[in-house]
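Residue-level structural notes
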There are 6 protein chains.
Amino acid sequence: MTPPKKPGDAAGHRLRAEPWYLPLGDEIEIFEAAYAARLPVLLKGPTGCGKTRFVEHMAWRLYRQADTERRTLETPLITVACHEDLTATDLVGRFLLSGDETVWTDGPLTRAVRSGAICYLDEVVEARKDTTVVVHSLTDHRRLLPIEKTGELLDAHPDFQLVISYNPGYQSVLKDLKPSTRQRFVSLEFDYPSVELEAQIIGHESGVGAQDAQRLALIGAKVRNLREHGFEEGVSTRLLVYTGQLIAGGISPRRACDVAIARAVTDDREVQQAVADIVDVLLP
Amino acid sequence: MTPPKKPGDAAGHRLRAEPWYLPLGDEIEIFEAAYAARLPVLLKGPTGCGKTRFVEHMAWRLYRQADTERRTLETPLITVACHEDLTATDLVGRFLLSGDETVWTDGPLTRAVRSGAICYLDEVVEARKDTTVVVHSLTDHRRLLPIEKTGELLDAHPDFQLVISYNPGYQSVLKDLKPSTRQRFVSLEFDYPSVELEAQIIGHESGVGAQDAQRLALIGAKVRNLREHGFEEGVSTRLLVYTGQLIAGGISPRRACDVAIARAVTDDREVQQAVADIVDVLLP
Amino acid sequence: MTPPKKPGDAAGHRLRAEPWYLPLGDEIEIFEAAYAARLPVLLKGPTGCGKTRFVEHMAWRLYRQADTERRTLETPLITVACHEDLTATDLVGRFLLSGDETVWTDGPLTRAVRSGAICYLDEVVEARKDTTVVVHSLTDHRRLLPIEKTGELLDAHPDFQLVISYNPGYQSVLKDLKPSTRQRFVSLEFDYPSVELEAQIIGHESGVGAQDAQRLALIGAKVRNLREHGFEEGVSTRLLVYTGQLIAGGISPRRACDVAIARAVTDDREVQQAVADIVDVLLP
Amino acid sequence: MTPPKKPGDAAGHRLRAEPWYLPLGDEIEIFEAAYAARLPVLLKGPTGCGKTRFVEHMAWRLYRQADTERRTLETPLITVACHEDLTATDLVGRFLLSGDETVWTDGPLTRAVRSGAICYLDEVVEARKDTTVVVHSLTDHRRLLPIEKTGELLDAHPDFQLVISYNPGYQSVLKDLKPSTRQRFVSLEFDYPSVELEAQIIGHESGVGAQDAQRLALIGAKVRNLREHGFEEGVSTRLLVYTGQLIAGGISPRRACDVAIARAVTDDREVQQAVADIVDVLLP
Amino acid sequence: MTPPKKPGDAAGHRLRAEPWYLPLGDEIEIFEAAYAARLPVLLKGPTGCGKTRFVEHMAWRLYRQADTERRTLETPLITVACHEDLTATDLVGRFLLSGDETVWTDGPLTRAVRSGAICYLDEVVEARKDTTVVVHSLTDHRRLLPIEKTGELLDAHPDFQLVISYNPGYQSVLKDLKPSTRQRFVSLEFDYPSVELEAQIIGHESGVGAQDAQRLALIGAKVRNLREHGFEEGVSTRLLVYTGQLIAGGISPRRACDVAIARAVTDDREVQQAVADIVDVLLP
Amino acid sequence: MTPPKKPGDAAGHRLRAEPWYLPLGDEIEIFEAAYAARLPVLLKGPTGCGKTRFVEHMAWRLYRQADTERRTLETPLITVACHEDLTATDLVGRFLLSGDETVWTDGPLTRAVRSGAICYLDEVVEARKDTTVVVHSLTDHRRLLPIEKTGELLDAHPDFQLVISYNPGYQSVLKDLKPSTRQRFVSLEFDYPSVELEAQIIGHESGVGAQDAQRLALIGAKVRNLREHGFEEGVSTRLLVYTGQLIAGGISPRRACDVAIARAVTDDREVQQAVADIVDVLLP
């Protein structure tokens, strides 16, 4: 068993290489202007459309390509995948017993606030409510993080920025952002890319040829139109890439579409058949 | 990692500079009279209308400009953003293990009660019920805080005052103040500022020119009238300031209104379009 | 930070001066007879009508004015404000880690049972159910407190008495006293004082003159009659005193009534207007 | 603060004097036969009708008057008032930290099982479900208590007996005994005593004269017939005794009935009036 | 206080004498065949019909009468009475603090898996869901218990067998076995014995004569037919034995049937009367 | 008591012998292609149809038969049976007290991520929601596991793969995979084998002859058609194997079908009878 590194050393993305990202509009300019004023940003959009990749790309641009010492920050992006049991304590930090005294350990949000990284809270509405409140004083003129357990009042590093995401498609009333939280963020909306752009992405990521990539992007677009079958979710770009990878690995295109698209997006036999019909028409 | 300061050193606002605040009515006089009699104060009002800034301003006036030794209190304002998991223990304090004995650590409310600061419980109805009861004996003739875990009976410092806030707009029946709590506070109601005052605020905080600030304030007023579209929440002054900051950062006014107003306040396409229509009419 | 006193030293009211109390009927005689037989007492009544002050007054009479050694008991009254998270352990006591052993620490109920104080559980139905059961063996012929965590069986001090309160006005079915608990208490019902008595109280507590005090008491009585506006709660004597304090502090009577009565008792615009109409008629 | 005794020394009733008890039927014979065969016993009946006193009386008869060494058992009766948060761990025992090792501490049930006392679980259906299951192996041919936390398998002392009680009057479906628990007990049903017997009890316990006692017993019987007013609960014998004590303490009989009967049993004005009418007719 | 034995020494049945058991059908042969193939067994049946006694009897047959070294296993049967708060940790084991290190302590299931005992989980559907999943890998070809807290992967002792029970009569939809758990067990269904067999059991266990035993068995059979009175549960064999014991102890048969049958099985006056009518007819 | 091995040594399948597996289609080829691209795999299918055995078989093929050093990995497969109380902490790891310091202990997922094993989360939708989110960053281009408690950012071993399973037959809306989780997996659907294949399996696993195995497989197929009786679940292959084992152990085929099929799959008398009718027809 490799020994774990010491707490606090390395939580985040080191971003040693540039994350490949194909812009869909002016999202890069808006994000740069928001970052310049250190305005918090909310990313909205369906699953698997590239929000996580976009944040990684922006962290690369704003840190690795900066002309300030920010360029050398070891972990410019700290990502937290939120879930129903994530608490403010998980974000901010806790006391741990070490030897015969308790030692404070920063959580991922506190590490970002101290070091000047971007903190990205993915699907923030999934988390417990105390987590959304803990970011309030970081997202107004105060830019400070009160650490209640230690009594510390931490002023945010000048480079710190907060980014959150959520998917409006399957939020319930119970899991919506409160207006008092929501009205603290500039909002960027994402959607699936156009067929041309998505074909480029599929080709780049899976290694299939241009014709196969084009066909898979077309299948993706058609599947996303299956509303009349009561199919709410589209197919993600990620699954189209998986399909390409299976084809590149020797699985027949029809079978690859079956296991990585039709059966992956739903358990409903009728929807699976509707997807199979689309594949039949579009594959040679 | 910068080592955290010792518990209890610094939780609160140090208020080194005067917080800018534009009065909307006689709220400063009422607050001063309430403070003179040490009456607890409840601030009601929508999100982002300036309640937090008002309390900071009053703490500056009543402490930094006082002619008593109160002037030198290091942290005259201790703010707690309440949430569903905040307990009385979080407010009052807890025992922590240190070396081989447990050491009592004051919570933010106890620190304010001991030192004579203003304690501001923001959105208090969000907290767990024990937190509202814990303030009862601080808000009547007794002015004392029983710390059940230590058996201490703490008399409040003569300068201590309690301030709480809540937003009547989205309180449910389950999250209302009980009459036995509510009838312990003088109540100040806040609303969004007039167009003229809000334009001043936007100009001061975002750096845009007077004409742009005036236009954004007008957009704000119109958006708050969108009741016929089922839009309950207005747009906060804070978002109008964000919009000004993006414009000042080079984003076109229309696009800035799009990402910092229309898409920030709602996910509803129809309401977003109604906001866009207002922007179209009011921007050149 | 002032160091907290040792656990167990000082939880309760020291009652160094006589608490001012104006009797409304024969409540003092009934309480004295109940105390003489050590019968438990239940105080029922609306918020802010003086129940807490009454118990303090009785503790002064029965201890500080006693002709027994009871007179010298340091803390003759131990009050616990009950809330939804209060458990029997909070009342009875717990083990705390100190150095390398755990030390038992009495809770407020146990301190009263040992020392012979009055224990006052305010709004007892708010507490968790185990708290009501823990008082059962203290409120029948047994007069003993089993401390389950230590195995101790504590006989109550001969002077110990239990007093509880609740507000029948806003109890729900879920938060009612069980008959097996309720039928262990002599019950005293409280209501708001008459206009004449309330004027005396307002004058005494706020420092306004007799005429202003009389007007505020009249306003209180009229506001309590606002049933036709769907207003269930009256205004507490405490808020009328606050209003007097603001007037004494230089705020105009109308504005003082606005912030300390109309907006303090409700968020409902219609009820606020009805209160304002009453104020308009009764103030010069 | 008197130091608490060591864990395990004294939880239970020492029964130094004979508890006064007036038999209502053959309950003493049945209990003795059940005890002789060590059959578990369930006591059913309304609140305040004497179930607790009966168990104390039987413990006196079966231990203090026994002709075996059982006579010298220090605490022949261990009573646990059950509540919604009582767990099997509370009954069986737990590990506590002492110095630098954890020490097992028996709970009240385990103390009774080891020492051969009667364990009386009052209002057992209020407790958490694990508590009812923990008694299963004690109430069949096995008569053993598995202590899961230590792995010990404790054979019950030959004198051990389990007694439980509940009040069928206000049990809900959610809080009923499961048949697999219920069918392990011989059941004794209790009801309020006849007027003649109750007058004897009131006289004995409160010190009022025979005529007053008779009147209070008659009032009790009439109040229990108030079904047509939607009044489900009767008045307990205990409250009638309280009334007698207040009268003996100098309070007028009408006022004593008001505070210890009418207002004690209900908050409903109509029921209170109906009780007052009964009192008016029966008091001179 | 007798000191508890060390953890792990003795949880289970030592089975020093043969448990008396009267077979109702071929249940002994089926169980022996299942044990020979080490197939897990599920016992279904109403409360008090003898499932626990049957498992004890089989453990005696398969261990104490075995011709292998299994014969000498000190505790061949480890029974766990399941309840709503029983967790997988309770079954598998936990770390306990001892001195200044934590020591792993096997739970009852782990002790059975290590030592080769029968583990009997009584009323398994009452337990928390993690307990049913923890037995999955023990009940298929793997026969292993992963102890997640230590990382140990424990291969079951060749003699280990798992037996569970439940009562289909009062299972709700919420508390049913999941098919993925259920389809891992051979199922034996139990019902109450015939009148002849039950009379034998009553006579053997209570000591009453053959005629009384026969009458009680007949009463049992009739009571179980009271479906038309909305009486779902029958009377257990155990209660019939209790009745016999009270009769043997001198209580009149009618009164014994009253307290140990009629009032023991129900609180419903009408059902109690129906039972009394049966008793009247069948007793002399 | 055999001492448990050290944490982290051995959680998983050591796979010393090849697990017998009969392919039903191209599932082996698809899995190999997915593994080659390290795509996560979701196995869907009813209980007891062989999903667990399939993963064991694939782990044998991909590790024990690999021509890389992967061949020597001690535990190539780490299986976690998910349940309602399984948390992300259970999967990722926790701090444990050892001597006088806390030591980090990897959970089963972390062990697989570090060592390059296959991690199989069986019935993943049963687990708490934080567990599904914790796998997100392992199932996209990042292939990393953030260990929030230590701050470590663990890059997955190149050989690591994640496999999950669920049973669409009894998932409720509350327990469905979120699209943001689901669209990260290639999906393989399993169903019961054909009669011919299932007869082979039954013969191989139970030791009965070919004719008996064929009959049992036919019974299985017929029972799975009992939809018209409201019987949703089929009978698992595992139960058919149990039936064969009982027959091989001397129990008559009819009785073996009764206890291992009819009574094992349901408590419903009508469905049990329908199964018995099928058995009557198909057995000699």
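Please refer to the structure placed before this passage.
Described below are features of the structure shown in this document. (Residues numbered from 1 in each chain as written. Chains lettered and ligands numbered in written order. Predicted model: local features only at pLDDT ≥ 70, side-chain atom pairs only at ≥ 80, totals over all residues. Heavy atoms only, no water.)

1. Description of the relation of the copies chain B and chain C
In plain terms, the rule: In this comparison the copies share one frame, found by least squares on the C-alpha atoms of residues holding pLDDT of at least 70 in both. The criterion used for residue contact is that any of the two residues' heavy atoms lie within 4.5 Å.
Turning chain B through 60° and shifting it by 0.0 Å along the axis lays it on chain C, with an RMSD of 0.1 Å. Considering both components of the superposition, the chain copies are consistent with a six-fold axis. A different interface surface on each copy is seen, since only 4% of the contact residues of chain B are contact residues in chain C too.

2. Here's the deal with the interface of chain B and chain C
Stated formally: What gets called buried area is simply the loss in accessible area from a 1.4 Å probe that two parts show on being joined, summed for both. The term salt bridge refers to a side-chain nitrogen of Lys or Arg lying within 4 Å of a carboxyl oxygen of Asp or Glu. We define a polar contact as two N or O atoms separated by no more than 3.5 Å, with the added condition that, inside protein, one atom must be a possible hydrogen donor and the other a possible acceptor, whereas residues neighbouring each other in sequence contribute only through side-chain atom pairs. The helix count covers DSSP runs of H or I at least four residues long, the strand count covers runs of E at least two residues long, and both are numbered beginning at the N terminus. Under the scheme applied here, ten amino acids are nonpolar (Ala, Val, Leu, Ile, Met, Phe, Trp, Tyr, Cys and Pro), four are charged (Asp, Glu, Lys and Arg), and all others, including Gly, are polar.
In this assembly, 47 residues from chain B lie in contact with 55 residues from chain C. Surface buried jointly by chain B and chain C totals about 4,200 Å² across both partners, of which 54% is contributed by carbon and sulfur atoms. Among the residues of chain B in contact with chain C, Glu148, Leu153 and Gln183 of chain B are the three that bury the most area, contributing 16% of the side total. Across the contact surface, chain B and chain C share five salt bridges. The salt bridge partner of Glu189 of chain B is Arg263 of chain C, with a shortest N-O separation of 2.6 Å. On the surface where chain B and chain C come into contact, there are 19 residue pairs in polar contact (both at pLDDT 80 or more). Sorting the residues of the side of chain B that touches chain C by element identifies α1 (27–36), β3 (93–98), β4 (101–106), α5 (129–134), β7 (152–155), α6 (179–182) and β9 (186–189) of chain B as the ones contributing at least two each. Partitioning the side of chain B that touches chain C into residue classes produces 18 nonpolar, nine polar and 20 charged.

3. A look at the sheet that holds strand β5 (residues 118–122) of chain B
All names here are of chain B. What counts is decided by this rule: Only strands that DSSP links by at least two bridges are regarded as paired with each other. Structural elements are reduced to axes, namely lines fitted to C-alpha atoms, with helices fitted over the stretch in contact, and the angle between N-to-C directions of any two is expressed from 0 to 180 degrees.
What the five strands build is an open sheet, ordered β2-β5-β8-β1-β9; its pairing is parallel. Looking at the sheet topology across the chains shown, the edges are occupied by β2 (77–81) and β9. Averaged over neighbouring strand pairs, the angle between their axes works out to 20° when direction is ignored. Alignment of β5 against strand β8 (residues 161–166), held across four bridges, turns out to be parallel. Bridge pairing in β8 places Leu121 opposite Ile164. Seen against the sheet, helix α2 (residues 51–64) touches β1 (41–44), β2, β5, β8 and β9 and runs at an angle of roughly 175° to β5.

4. Here's the deal with the interface of chain E and chain F
Counting residues at the interface gives 47 residues for chain E and 55 residues for chain F. When chain E packs against chain F, close to 4,200 Å² is buried across both sides, 54% of that on carbon and sulfur atoms. In terms of surface lost to chain F, no three residues of chain E exceed Glu148, Leu153 and Gln183 of chain E, which account for 16% of the buried area on that side. Put simply, Asp267 of chain F and Arg182 of chain E hold a salt bridge, and the shortest N to O gap is 2.6 Å. Applying the counting criterion to the chain E and chain F interface returns 19 residue pairs in polar contact (both at pLDDT 80 or more). Of all elements in the fold, only α1 (27–36), β3 (93–98), β4 (101–106), α5 (129–134), β7 (152–155), α6 (179–182) and β9 (186–189) of chain E reach the threshold of two or more residues within the side of chain E that touches chain F. Tallied by class, the residues present in the side of chain E that touches chain F amount to 18 nonpolar, nine polar and 20 charged.

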